[in-house]
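Summary of the model geometry
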Amino acid sequence: MVNLNPIRMKSWDSSNIGGWLKDSLGDSSQVTVDGENLTYPQLVCQYIGMSLDEDEYFSILHTQVNDSLGKLSILTGALNKKISAEKLRSLNQLFDLHKKEKGLSPNRMVAFLDGYSLLPDSKDPGLNRRIKTVLIDLLKKLQKSYTEGTLHHEYRRITTDLVKWISNHVEPALKEIDFVQGMPAFLWYGTATPSEKWFLTYLADFGFHVVIFNPTNESWPKTLLSIEDDLSYRFPKVSQDVKLLPEEMPKIAGTVAFKATQEINELLHHDDSGLYKPFQFKSYSINSIRLKTTEDEAFLISKERAMIRPHFQVSNQQVTIPVVFAKLLGIDKNRKRFWNNVHSLTERDDTHVIRQFPFTKEQKTNQLFHYRDALKADGMLDPEKMKAANWWTYDKLPLGTQTAIGETIAKHVNEPILNRQSNETTEDLQLYAFAQSMVLPDFVIRLLQTFDYPQFVPTIFIYNEEKGPELSRSDANALCMMHHLGLDIIIVNPKGHLDIEKWVQEGTFDIHWMDDRSFNDPFKEPSVVHKIFKKFL
C-alpha cells in the first residue's frame, strides 16, 4: 500500500523541468519513505506570457516534454470524454437522485459514485482511498464556489467531466506509476473551460506534477492551483490571444539578428509607444468614434494623423480611430477660404471626391439565406462565419482587411444607423444593410488597403450640386460602412438641402449651417498654378 504525501516545491529550474521529471524521486534529501508513506517534492508551476519569438516559445514547451522521456504529457486537446452507455445511465440515475434530494453532499456523492462503480478501483488500497478523498475535498471547494452550492447548473457538468477524466486519465496513469523514478506530470497550454480547470486542480491535489503554459496571463492557475510568484516564470510579453499549439517542435529558429529586432520592436513599437512601424496594426479590429467638431475643425482634423487626434487608442488588439463625419449645409461666404480648405483635402492621394449619385449599385438579390447562415446562437452576425462562407465577396483581400470588413458589417447590421422605411421590420432593415454591405465600391477597398491606422486617415469628400439623381439609400449605407471603418466623411450641399438625412439617423453626423447658400457654385478644381506651386512645397 502507498500513501502519497506530496510537498509543493518552493523553487524550480524553469529551463530544465523535463530533465528533472525523469528522476524526480532521485534526490534522497527531499524524498523519504517511511513504511507505506512516500514523501516527495511536487512541481506545480506556470509559464506566464510568451517569448518575443513565437517559434522559440513553442520550442521551449516541446523541449520540456521531449526531455522528460514520457514523464510529462500534453493534456491540452487530449482529454478523453468517452464513457460507456452503462456508466452514463448510472450517472444520470445518480443526478436524478441528486435533484430529488435537493443536493447530495460531496461525501454522499462520492459514496454513490463508488457504489455505482463510476470511480477507478485501484489494486492499491492507499491509492484507491486517495482517489475518493481528493474528489470529496474538490467537490467541497466546488460547492463553496457557488451560492447555489451543489444545485448550481455547472455542478453536474463539472462532476460528470471529472468522473470521465479520472477514469480515462488518472486510472491509466496510476497503473504505470514507477515509484523509483517519480510521479507523472501533465502540461496544459492556453485557456481552459471550468471543467478543465477543476480537473487540473484534481490532478495537483492528488499529487501529480502540473505545468501550465499561460500565454495570456489568466488568473485561474494562481487562484485554483495556488501557484505563487516563485513558481511562475514570466516571458517578456503577455499575448493578446492564444495561438494554436503545434503538435511538434517548430523546425525553424530565429537568428540572433531576428531576435534582437524582436526585442527592439517590443521596446519601441508597443501599443502605447507612439512609434509605430508601417501597418503594425493591420490585423487589429477597428473602433471608430466620431469627433464633434466645428466646420473649421472638420477640415483641420481631417488633415491630421489619427494618432495625434483626441481619443486615439490602441489596446486589446483594437485601434480606436477618432473620425470626422460632418455635413455642411450651404457654403462659406469667404469662398477663397472655403476652396482652400477643400483643395487641401482633395489634392491628397487618400481623398476620394464624389460629385454624382448614385455611386453604388442597389443589390436586388435576396440574401436572407446567407444572412441567417452567418448568425451566431445569440442572433448576432459572426464575422468568422462570413469569412468562411463561399459567398463572401472579399476573400481576395489580406486577412486583416477581411477581418476589419467582417467585424464592421457585423457591427453595422446588428445596430444599424440607417433609418427604417415604412412597413420595414427590424430584420428587413438588417437584411438590407447586410446585402448592401457585401459589395463596397472599389475606391473604398483601395483606401482601406492603403490605410495605416495610426497615420493619415482617408477622406471621402462629397460635393452635392444636385445636378442629377439623388444620393441613394445604398449610397448612404456605404457611407455608414465607411464611417465604421474609420474613414473621414465631409458632405457639402451648397444649396443647404437635405440628402443623407433622408436615410441616416439624426445625430450620427455633425450638422454645420454655413453663412451662405449657393445655387450656382459648381465644384472648383485647383488652378494649374496652384498645382505647380504645390509640387515645390
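Read on for a plain summary of the structure.

When helices and strands are counted, the chain shows 18 helices and 16 strands. Relative to its length of 537 residues, the chain is extended, with a C-alpha radius of gyration of 32 Å against a globular reference of 24 Å. Referenced to the eigenvectors of the C-alpha coordinate spread, the extents of the chain come out at roughly 105 × 60 × 40 Å. Expressed as a percentage of contacts within the chain between residues at least 6 apart in sequence, the contacts between residues at least 24 apart total 78%. Element-wise, carbon and sulfur atoms account for 51% of the exposed surface of the chain, whose accessible area totals about 26800 Å². Looking at charge distribution, the chain has the averaged site of its 63 positive side-chain charges lying 3 Å from that of its 70 negative ones.

Glancing now at the nonpolar core. Residues Leu113, Leu135, Phe199, Tyr202, Leu203 and Phe208 are the most contacted members of the largest nonpolar core, which totals 75 residues. Those residues within four positions of leucine 203 in sequence are excluded, and the remaining contacts are Gln42, Leu75, Val170, Phe186, Phe208 and Val210. Counting residues in each nonpolar core, the second largest holds 63 residues, with Phe359, Phe451, Leu487 and Ile491 among its members.

Take the packing of helix 14 (residues 399–414) against helix 15 (residues 426–437) next. At a minimum axis distance of 8 Å, the contact between helix 14 and helix 15 shows a crossing angle of 155°. Compared by their axis directions, helix 14 and helix 15 come out roughly antiparallel. You can see that helix 14 and helix 15 cross each other, and the crossing is right-handed. Contacts from Ile409, His412, Val413 and Asn414 in helix 14 reach Gln430, Ala433, Phe434 and Ser437 in helix 15. Of the residues assigned to the contact of helix 14 with helix 15, the class counts are 4 nonpolar, 4 polar and no charged.

Take proline 278: it is sitting in the loop between helix 9 (256–268) and strand 9 (285–290). The exposure class of proline 278 is exposed, given its relative accessible area of 67%.

At a minimum axis separation of 12 Å, helix 5 (residues 125–144) and helix 6 (residues 153–175) run at an interaxial angle of 155°. If you check the angle between helix 5 and helix 6, you find them roughly antiparallel. As helix 5 packs across helix 6, the resulting crossing turns out to be right-handed. For the pair helix 5 and helix 6, contact is made by Leu127, Ile131, Leu135, Leu138, Leu139 and Leu142 and by Tyr155, Ile158, Thr159, Leu162, Ile166 and Leu174, respectively. Across the contact of helix 5 with helix 6, the residue classes break down as 11 nonpolar, 1 polar and no charged.

Once that is clear, we can look at the pattern of salt bridges. Side chains carrying opposite charge are able to pair once their charged atoms draw close together. Counting across every chain of the model gives 20 salt bridges. For the salt bridge of aspartate 521 with arginine 335, the shortest nitrogen-to-oxygen distance reads 3.0 Å. Placement of aspartate 521 in the loop between strand 16 (510–513) and helix 18 (528–535) and of arginine 335 in helix 11 (residues 335–346) is noted, with a sequence separation of 186 residues between them. Lysine 387 serves as the salt-bridge partner of glutamate 384, at 3.5 Å between the closest nitrogen and oxygen. Residue glutamate 384 and its partner lysine 387 are both found in helix 13 (residues 383–388); the two are separated by 3 residues, about one turn of the helix. Overlapping salt bridges, with partners in common, bring together Arg355, Glu465, Lys467 and Glu525 in one network.

A few words now on the environment of glutamine 64. In this structure, glutamine 64 sits in helix 2 (residues 54–67). Given the relative accessible area of 3%, glutamine 64 is considered buried. Non-local contacts of glutamine 64, meaning those with residues more than four positions away in its chain, are made with Ser14, Ser15, Asn16, Ile17, Gly18, Tyr47 and Leu72.

Between its first and last C-alpha atoms helix 15 spans 16 Å; for 12 residues at 1.5 Å apiece the expected length is 16 Å, and the two agree. Counting buried residues in helix 15 gives 9 out of 12 residues, a clear majority hidden from the surface. As for helix 15, its buried residues are in contact with helix 12 (368–373), helix 13, helix 14 and helix 17 (473–484).

Moving on to the sheet that holds strand 1 (residues 3–8). Sheet architecture is open: 3 strands sit in the order 1-3-2, paired in mixed fashion. Each end of this open sheet is capped by a strand with a single partner; those strands are strand 1 and strand 2 (32–34). Strand-to-strand twist of the sheet, defined as the mean angle between neighbouring strand axes without regard to direction, takes the value 25°. In this sheet, strand 3 (residues 37–42) lies alongside strand 1 in parallel orientation, the contact comprising 6 bridges. From the neighbouring strand, asparagine 3 faces strand 3, where its bridge partner is asparagine 37.

With that out of the way, let us pick up the side chain of threonine 459. Relative to the helices and strands, threonine 459 is located in strand 14 (residues 459–463). Those residues in contact with threonine 459 that sit more than four places away from it in its chain are Ser302, Leu345, Arg348, Asp350, Thr351, His352 and Asp488.

With that out of the way, let us pick up the sheet that holds strand 4 (residues 44–48). A sheet is described by the order of its strands in space; here 5 strands give the open sequence 5-6-7-4-8, paired in parallel fashion. Here the strands that pair on one side only, and so sit at the sheet edges, are strand 5 (72–74) and strand 8 (232–234). Put simply, the sheet's adjacent strands are angled 20° from each other on average, direction ignored. As paired strands, strand 4 and strand 8 are joined by 3 bridges and run parallel to one another. Among the inter-strand pairings, tyrosine 47 is bridged to a residue of strand 8, identified as tyrosine 233.

Rules used in this analysis
Residues numbered from 1 in each chain as written. Predicted model: local features only at pLDDT ≥ 70, side-chain atom pairs only at ≥ 80, totals over all residues. Heavy atoms only, no water. Helix = DSSP H or I, 4+ residues; strand = E, 2+ residues; numbered from the N terminus. Rg over C-alpha atoms; globule rule 2.2 N^0.38 Å. Contact = heavy atoms within 4.5 Å. Areas by Shrake-Rupley, 256 points an atom, 1.4 Å probe, with all protein chains shown as cover. Lys, Arg positive; Asp, Glu negative; His and termini not counted. Charge placed at Lys NZ, Arg CZ, Asp CG, Glu CD. Core = buried A, V, L, I, M, F, W, Y, C linked by side-chain atoms within 4.5 Å. Buried < 20%, exposed > 50% of the residue type's maximum accessible area, 1.4 Å probe, protein only. Axes fitted to C-alpha atoms, helices over the stretch in contact; angles between N-to-C directions. Parallel < 35°, antiparallel > 145°, perpendicular 65-115°, else oblique. Left-handed = near helix turned anticlockwise from the far one by under 90°. Nonpolar A, V, L, I, M, F, W, Y, C, P; charged D, E, K, R; others polar. Salt bridge = Lys/Arg side-chain N within 4 Å of Asp/Glu carboxyl O. Expected span 1.5 Å × (residues − 1). Pairing = 2+ DSSP bridges.

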